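# Per-entry structural report
Here is what each chain is made of, one letter per residue.
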Amino acid sequence: MLTKFETKSNRVKGLSFHPRRPWILASLHSGVIQMWDYRMGTLLDRFDEHDGPVRGVHFHATQPLFVSGGDDYKIKVWNYKTHRCLFTLHGHLDYIRTVQFHHEYPWIVSASDDQTIRIWNWQSRTCVAVLTGHNHYVMCASFHPKEDLVVSASLDQTVRVWDIGALRKKTVSPADDILRLTQMNTDLFGGVDAVVKYVLEGHDRGVNWASFHPTLPLIVSGADDRQVKLWRMNDTKAWEVDTLRGHMNNVSCVMFHAKQDIIVSNSEDKSIRIWDATKRTGIQTFRREHDRFWVLAAHPEMNLLAAGHDSGMIVFKLERERPAFCVSGDTVFYVKDRFLRLFEYSTQKEVQVAPIRRPGSVSLNQSPTSLSYSPTENAVLICSDADGGSYELYIVPKDSAGRSDYLQEAKKGAGGSAVFVARNRFAVLEKSSNQVLVKNLKNEIVKKSPLPIATDAIYYAGTGNLLCKAEDRVAIFDLQQRLVLGELQTPAVKYVAWSTDMESVALLSKHAVVIASKKLVHRCTLHETIRVKSGAWDENGVFIYTTLNHMKYCLPNGDSGIIKTLDVPIYITRVVGNNIFCLDRDGKNKLIAVDASEYIFKLALLRKRYDHVMSMIKNSQLCGQAVISYLQQKGFPEVALHFVKDEKTRFNLALESGNIQIAVASAKEIDDKDHWYRLGIEALRQGNVGIVEYAYQRTKNFERLAFLYLITGYLDKVGFMCNAVT
């Protein structure tokens, strides 16, 4: 489990992801509904009009709405933009367990302890159907993602599937067809808008949850008998397929994963379990020490899950989505869909190099975590977390590119991480003994070397050198001489990016980017509030990196800024001028064109290339308060003058840079006593008597003017002033 976000709060009973924004709703046992931004880790809003626990909550797919249901028998529809409850639906006579918007129609389905399921039209604010038949508390009810069906689970030990086709026909019928369809509905359903299609019996105790599969005719259910059951249905019947056993207490929630063949369940036994839906076996179990789990939610678009427990909630992923890749010259090698592929930057051609056979496994996170490449030997090292950390070595014949039938037996071995350190040598980290094994391409050990720090990962740092990463520091280690060439204290490093000339290195941690020299002399550190994902150097020595939702730059002096906002996370592989090459989470290569003017301009200033600066000023559209502020802050007011049209700002910049002529021109335009006074002071400081005189004349400051004439020897002007006064 990869935890992305965690909260501490009262017991969480309901959860819902927003389909497009990085938001999640959590309804609490205390009666409060919280809205969190799980990317930023911030509480956006709280809603607390319910009396007692709120057990159900759900975002609308397209409107700025969410619905909640609680122990006060009330269903409330909220507008989260206006931060208020729009209306309350009354009708249930006991606790409301779950609420859900329909994906297409203006409906809400609710399940209650009053043994009924109700369907409401939230536009007309009326109840349009009451589904009766359960004879105990109804613990959950939900719409089918595509068909006119509702599934419900009850403590009467049954799961029921309801047909609501008649309700849909009645709702969406054109006016001239109402009579015909009403007659048809009466014939088919006896005038009832929802009927029981199947009753699924098999659990020995009360059923707490039931969910439809997003695409297949399957249902999964979890109950107080500690079992998870899988059911299949067709047009005429439904039957039990299998039972998954392993939970040690009541199963509180269960669902199919949207993108993988797995089932996720949680329980009051303080665990979340992952099951293989095809083999019907347990894959993994995640436990908490003191918290019972109550509810699960899956993101409708992304590979994210959330679970609510006694002391808050967690947002998590089951597997990494970052593709393993390695850039070499004009190509990037990466793994996608169990194939090693390469992408040529110059031709933008993608080639399938060779299949990577990955044996069937009963655990998650078997996908490659890193990749290393030796161009002279055409050898590839692929590392994964399988078996506690292992590597596979492939020698790819030159003529195998594009042949999908080519498959070789990889040379394998155990190791925390592995990386090429020379043309035909690679280093493998042996964590248990804190040493590195240097091996040849036959996978034979040729050298062993103890490491200078407690290393948990190794990275390439030039021929014969390793960058060793510990929890709080990194060190560059020369394998030949067994010397530490440099050491630097850093936050826990996740990724390392070297500049093309190997003179600079960027160390990427969860929330920071550290820039250092090749000997790990610290240059600057950038702190980010959200996760840093990837980065690469451009040819000018600017580091371009991505967070979850931004592409940013970092100059050699530590200045940084935003280049672009991202809709989805990407992983930068190479930067060429204004073009950013990257991989997305599906392993697809993308080319993003960006405007590099801002950071190129700042870099030219930093390197004092004023000819380049002035050329950019004349030819580009660089403007805005941010650029002006930057120039002022960095001590370039004379450059800022070229951007400014506002006369007051021009006047201030002209005084700051000592450009008295522009200051005079701006003062004439402004024609304000205070500005003439300030101009006089600056002109006096520069010894420009003519402008001092002009400024005093414009402000009619005769005392200062007389004193100026006196000290400068203009006695005739002093006499003229005296005559004028008398």
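Each chain carries its own residue numbering, running from 1 in the direction its sequence is written. Given that the model is predicted, a residue must reach a pLDDT of at least 70 before its local features are reported, and side-chain atom pairs must reach 80 or more before they are shown or counted; all residues, however, enter totals for whole chains, interfaces and linings. With hydrogens and water stripped out, all remaining heavy atoms of the structure feed into the side-chain values.

### As for the overall build of the protein chain
Numbered from the N terminus, helices here are DSSP runs of H or I no shorter than four residues, and strands are runs of E no shorter than two. Secondary structure assignment for the protein chain yields twelve helices and 55 strands. Relative accessibility under 20% of the residue-type maximum defines a buried residue, over 50% an exposed one, and the middle range a partly exposed one, all with a 1.4 Å probe and only protein chains included. The buried share among the 726 residues of the protein chain stands at 55%. Each accessible area is a Shrake-Rupley result for a 1.4 Å probe, and residues are judged covered by the shown protein chains and nothing else. Approximately 32700 Å² of the protein chain is accessible, and the part contributed by carbon and sulfur atoms is 48%.

### Things to note about the UniProt feature "repeat: WD" (unreviewed entry) in the protein chain
Those places that UniProt annotates as "repeat: WD" (unreviewed entry) correspond, in this numbering, to residues 47-88, 89-130, 131-164, 200-241 and 244-285. When the span residues 131-164 is considered, its composition is 0% helix and 59% strand, and the gap between its end C-alpha atoms is 10 Å. UniProt positions are given in the numbering used here, feature names are shortened, and annotations may be inferred rather than shown by experiment.

### Comments concerning unusual backbone geometry
Residue R280 is not a glycine yet carries a positive backbone phi of 60°. With respect to the helices and strands, R280 occurs in the loop between β24 (271-276) and β25 (281-287). R280 sits in the partly exposed class, given a relative accessible area of 29%. With a phi angle near 55°, R482 is a residue other than glycine that sits in the positive phi range. Looking at the secondary structure, you find R482 in the loop between β43 (473-478) and β44 (483-489).

### Section: the sheet that holds strand β53 (residues 571-576)
Any two strands between which DSSP finds at least two bridges are classified as paired. The strand order across the open sheet built from three strands is β53-β54-β55, with neighbouring strands paired in antiparallel fashion. Two strands bound the open sheet, and with one partner strand each, they are β53 and β55 (589-593). If you compare each strand with its neighbour and ignore which way they point, the axes differ by 25° on average. Examined bridge by bridge, strand β54 (residues 579-583) and β55 share five bridges and lie antiparallel to one another. Opposite C582, over in β55, you have K590 as the bridge partner. Axis definition: a line fitted to C-alpha atoms, limited for helices to the stretch in contact. Angles are taken between N-to-C directions and run from 0 to 180 degrees.

### Digging into the pattern of salt bridges
Within this document, salt bridges are pairs made up of a side-chain nitrogen of Lys or Arg and a carboxyl oxygen of Asp or Glu, the two lying within 4 Å of each other. Enumeration over the complete set of coordinates arrives at 21 salt bridges. R55 is paired through a salt bridge with D71; the nearest N and O atoms lie 2.6 Å apart. One end of the pair, R55, is in strand β6 (residues 54-59); the other, D71, is in the loop between β7 (65-70) and β8 (75-79), with 16 residues separating them in the sequence. Residue classification places R55 among the buried positions, given a relative accessible area of 14%. Overall, D71 belongs to the buried group, its relative accessible area being 11%. Among the charged side chains, a salt-bridge network with shared partners connects E6, R288 and D291.

### What about the nonpolar core?
Ranked by internal contacts, the top residues of the largest apolar core, which has 58 residues, are L15, I24, I219, I263 and I272. Not counting residues up to four positions away in its chain, the partners in contact with I219 are V151, V159, V161, L200, A210, S211, F212, K229, L230, W231, M233 and F256. Here, nonpolar core refers to any group of buried Ala, Val, Leu, Ile, Met, Phe, Trp, Tyr and Cys residues whose side-chain atoms link them within 4.5 Å. I544, V575, C582 and V594 belong to the second-largest nonpolar core, a separate cluster that totals 19 residues. Pairs of residues are marked as contacts when any of their non-hydrogen atoms sit within 4.5 Å.

### Brief notes about the packing of aromatic side chains
Aromatic contacts are taken between Phe, Tyr and Trp rings whose centres are within 6.5 Å, Trp giving its six-membered ring; a plane angle under 30 degrees counts as stacked, one over 60 as edge-to-face, and the others as tilted. Counted according to the given criterion, the structure contains 19 aromatic pairs. Plain terms: the ring middles of W537 and F543 are 5.1 Å apart, the flat faces sit at 55° to each other, and that makes the pair tilted. Residue F543 is classed as buried on the basis of its relative accessible area of 0%. Here a set of aromatic residues connected by ring pairs shows up, and it is made of W23, F47, F59, F66, W78 and Y80. As a reminder, the over-ring test applies to NZ of lysine and CZ of arginine, requiring each to be within 6 Å of the ring centre and within 35 degrees of the ring normal. Lying over the aromatic face of W294, K13 brings its terminal NZ or CZ to 3.8 Å of the ring centre. Here K237 stacks its cationic end above the ring of W239, 5.4 Å away from the centre of that ring.

### Thoughts on the environment of T236
Structurally, the position occupied by T236 is in the loop between β20 (227-233) and β21 (238-245). Overall, T236 belongs to the exposed group, its relative accessible area being 66%. Sequence separation of T236 and Y198 is 38 residues, and the distance between their C-alpha atoms is 8.7 Å.

### Re the sheet that holds strand β28 (residues 312-317)
Within a sheet, adjacent strands bond to each other through the backbone by hydrogen bonds, running parallel or antiparallel. Taken in spatial order, the four strands make up an open sheet running β1-β28-β27-β26, and their pairing is antiparallel. Here the strands that pair on one side only, and so sit at the sheet edges, are β1 (2-8) and β26 (293-298). Sheet twist, expressed as the mean angle between neighbouring strand axes with direction ignored, is 20°.

### Some details on the side chain of D538
Along the polypeptide, D538 turns up in the loop between β49 (532-537) and β50 (543-547). For D538, a relative accessible area of 5% translates into the label buried. Residues contacting D538, with those up to four places away along its chain left out, are V575 and Y599.

### Some words on the pairing of strand β29 (residues 325-328)
Across four bridges, β29 lies against strand β30 (residues 331-336) in antiparallel orientation. Bridge assignment links C326 to a residue of β30, and that residue is F333. Connecting the antiparallel pair β29 and β30 is a turn made up of two residues, with G329 showing a positive phi of about 60°.

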